[in-house]
Amino acid sequence: MDRPLAELTPRTRWLGQPIEVHDVVDSTNRIAEQRGIEGAPDGLVVLADRQTAGRGRLGRSFFSPGGRSLYLSVLLRAELPLEHMHRHVFAAAVAVAESARAFLPASCRIELKWPNDVLVDGRKTSGINSSVQLEGGGVRFGVLGVGVNVNLESSELPPELAEIATSLRIAGGKSLDRVAFGEALLERLETEIDALRAGEFAGVLERFRRSFTMAGKQVRVGGPGLAREVIGTVRGLDEEGALLVETRTGPVERVLAGDVTLLRGER
């Protein structure tokens, strides 16, 4: 029997203190943004059992059925320069990957696809996004959104996702306790964000690199914000987490944002 998400009580100092739990929302990100405008505290977590208009990265919809997964958004008020807000995506990716490792058999292959996808055995099980509210030229607050497919069954995935998505249940072969997983995730996420706030992004990025397996692979990077596609071989990440792609014409390009597609034959 799946425990209600209202029982989720992480052993954290500030993250998830408090947690606002909903049965159904349009988007946890939207509610967290509204709570930020209303003056809610740093570390508020908005958690939902189901979303009707979940947001993925770059404004895309996020598949969000009820009773199977975790959909949460974190309100962030610590003073960080705008150019450092993207670092929270790396912190969240590390937290999801390490939490998944703790709950899955060692035979499961957990990888991070730049910049925000957690893959298990080559298929996506989690997506992460972030947004900021600006005021007076600075960051008023940020919102970090995390969605994890926990107990979805193969038959529940829509046809367009069946070959590219998975869940922790599918990968591990058994249902997980969503409450226990959520608690572990928030505890690890607090640890990683604490590292950011202490100026230790290099350590967060090193932990990200441990699960980053794209180096040496052929990719195409496109999407909003890029004047043109970048095609080439991934050479790694720089000190700010930018993707380094050696193009077919020779130079290495530093990609700050975009959609990455592995070219045919790469997994």
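Scope of this entry: the structure provided in the associated data block. (Residues numbered from 1 in each chain as written. Predicted model: local features only at pLDDT ≥ 70, side-chain atom pairs only at ≥ 80, totals over all residues. Heavy atoms only, no water.)

**A short note on the packing of aromatic side chains**
A ring pair, where both rings are aromatic, is described by two values, the distance of the centres and the angle of the planes.
Part 1 of the reasoning: Considering all chains together, one arrives at 4 aromatic pairs under this definition.
Part 2 of the reasoning: Judged by centre distance (4.9 Å) and plane angle (70°), the ring pair of Phe90 and Phe208 falls under edge-to-face. Here Phe208 lies in helix α5 (residues 201-210) and Phe90 lies in helix α2 (residues 87-103), a separation of 118 residues in the sequence. Across the pair, exposure class does not vary: Phe90 and Phe208 are buried alike.
Part 3 of the reasoning: Here a set of aromatic residues connected by ring pairs shows up, and it is made of Phe90, Phe201, Phe208 and Phe212.
Part 4 of the reasoning: Above the ring of Trp14, the side-chain terminus of Arg197 is found at 4.1 Å from the ring centroid. (Phe/Tyr/Trp six-rings, centres within 6.5 Å; stacked < 30°, edge-to-face > 60°. Helix = DSSP H or I, 4+ residues; strand = E, 2+ residues; numbered from the N terminus. Buried < 20%, exposed > 50% of the residue type's maximum accessible area, 1.4 Å probe, protein only. Lys NZ or Arg CZ within 6 Å of the ring centre and 35° of its normal.)

**Regarding the nonpolar core**
Part 1 of the reasoning: If you look at the biggest cluster of nonpolar residues, it comprises 57 residues, and the most contacted ones within it are Trp114, Leu144, Val146, Phe208 and Leu243.
Part 2 of the reasoning: The element contributing the most residues to this core is α2, with 10 residues.
Part 3 of the reasoning: For Val146, the contacting residues outside a window of four places in its chain are Leu70, Tyr71, Leu72, Ala92, Val96, Ser126, Gly127, Ile128 and Leu185.
Part 4 of the reasoning: Counting residues in hydrophobic clusters, the runner-up holds 10 residues, among them Ala40, Leu44, Phe141 and Val143. (Core = buried A, V, L, I, M, F, W, Y, C linked by side-chain atoms within 4.5 Å. Contact = heavy atoms within 4.5 Å.)

**Digging into empty space enclosed by the protein**
Part 1 of the reasoning: For the structure shown, the criterion picks out 2 cavities of 30 Å³ or more.
Part 2 of the reasoning: The computed volume of the second largest cavity comes to approximately 30 Å³.
Part 3 of the reasoning: As for the second largest cavity, its lining consists of Leu76, Ala78, Leu80, Met85, His88, Gly142 and Arg197.
Part 4 of the reasoning: Residues that form the lining of the second largest cavity fall into these classes: 4 nonpolar, 2 polar and 1 charged. (1 Å grid on protein atoms, 1.4 Å probe; cavity = no way out; pocket = protein on both sides within 12 Å on 5 of 7 lines; lining within 4 Å. Points joined across faces, edges and corners; volume = space filled by probe spheres on them. Nonpolar A, V, L, I, M, F, W, Y, C, P; charged D, E, K, R; others polar.)

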